[in-house]
Amino acid sequence: MGDRWHGGADQVLFDLSMPLFETEDARRGLASAITAYQAGRPRPVLTFDGR
């Protein structure tokens, strides 16, 4: 029974979170974090626009 519950919860989390990664804010945030990491700098503060 435990696996059935965990599998369902995993699917719900996936279904809820994946659209967030498709937003403009997430794409900008990830891109700026990667650029900063590659340059050895701290991540910049990102202003979220709600898109």
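Throughout what follows, the structure given in this document is the object of discussion. (Residues numbered from 1 in each chain as written. Predicted model: local features only at pLDDT ≥ 70, side-chain atom pairs only at ≥ 80, totals over all residues. Heavy atoms only, no water.)

1. Section: the environment of Ala26
Point 1. On the secondary structure map, Ala26 appears in helix 2 (residues 24–39).
Point 2. Overall, the relative accessible area of 17% leaves Ala26 in the buried class.
Point 3. Taking the C-alpha atoms as reference, Ala26 lies 8.6 Å from Phe48; in sequence the two are 22 residues apart.
Point 4. If sequence neighbours within four positions are ignored, Ala26 has contacts with Leu20 and Phe21. (Helix = DSSP H or I, 4+ residues; strand = E, 2+ residues; numbered from the N terminus. Buried < 20%, exposed > 50% of the residue type's maximum accessible area, 1.4 Å probe, protein only. Contact = heavy atoms within 4.5 Å.)

2. Details of a nonpolar patch on the surface
Point 1. On the surface, a nonpolar cluster with roughly 590 Å² of combined accessible area is contributed by Phe14, Met18, Leu20, Phe21, Leu30 and Ile34.
Point 2. At the level of secondary structure, the elements contributing two or more residues to the nonpolar patch comprise helix 1 (2–21) and helix 2.
Point 3. For the nonpolar patch, the element with the most residues is helix 1, which contributes four residues.
Point 4. In this fold, Leu30 is placed in helix 2. (Patch = residues over 30% accessible without salt bridge, like charges linked within 9 Å, V, L, I, M, F, W, Y side chains within 5 Å. Areas by Shrake-Rupley, 256 points an atom, 1.4 Å probe, with all protein chains shown as cover. Salt bridge = Lys/Arg side-chain N within 4 Å of Asp/Glu carboxyl O.)

3. Some thoughts on the side chain of Asp25
Point 1. Relative to the elements of secondary structure, Asp25 occurs in helix 2.
Point 2. With relative accessibility at 5%, the residue Asp25 sits in the buried group.
Point 3. When neighbours within four sequence positions are excluded, Asp25 is seen to be in contact with Leu46, Thr47, Phe48, Asp49, Gly50 and Arg51.

4. Regarding the pattern of salt bridges
Pairing between side chains becomes possible if they bear opposite charge and their charged atoms approach one another.
Point 1. Inspection of every chain in the model, using the stated rule, returns three salt bridges.
Point 2. In this structure, Asp49 engages Arg28 in a salt bridge whose closest nitrogen and oxygen atoms are separated by 3.2 Å. Linking Asp49 in the segment after helix 2 with Arg28 in helix 2, this pair joins segments that are 21 residues apart in sequence.
Point 3. A relative accessible area of 40% means that Asp49 is categorised as partly exposed.
Point 4. The salt bridge partner of Asp49 is Arg51, with a shortest N-O separation of 3.5 Å.
Point 5. The network of salt bridges with common partners includes Asp25, Arg28, Asp49 and Arg51.

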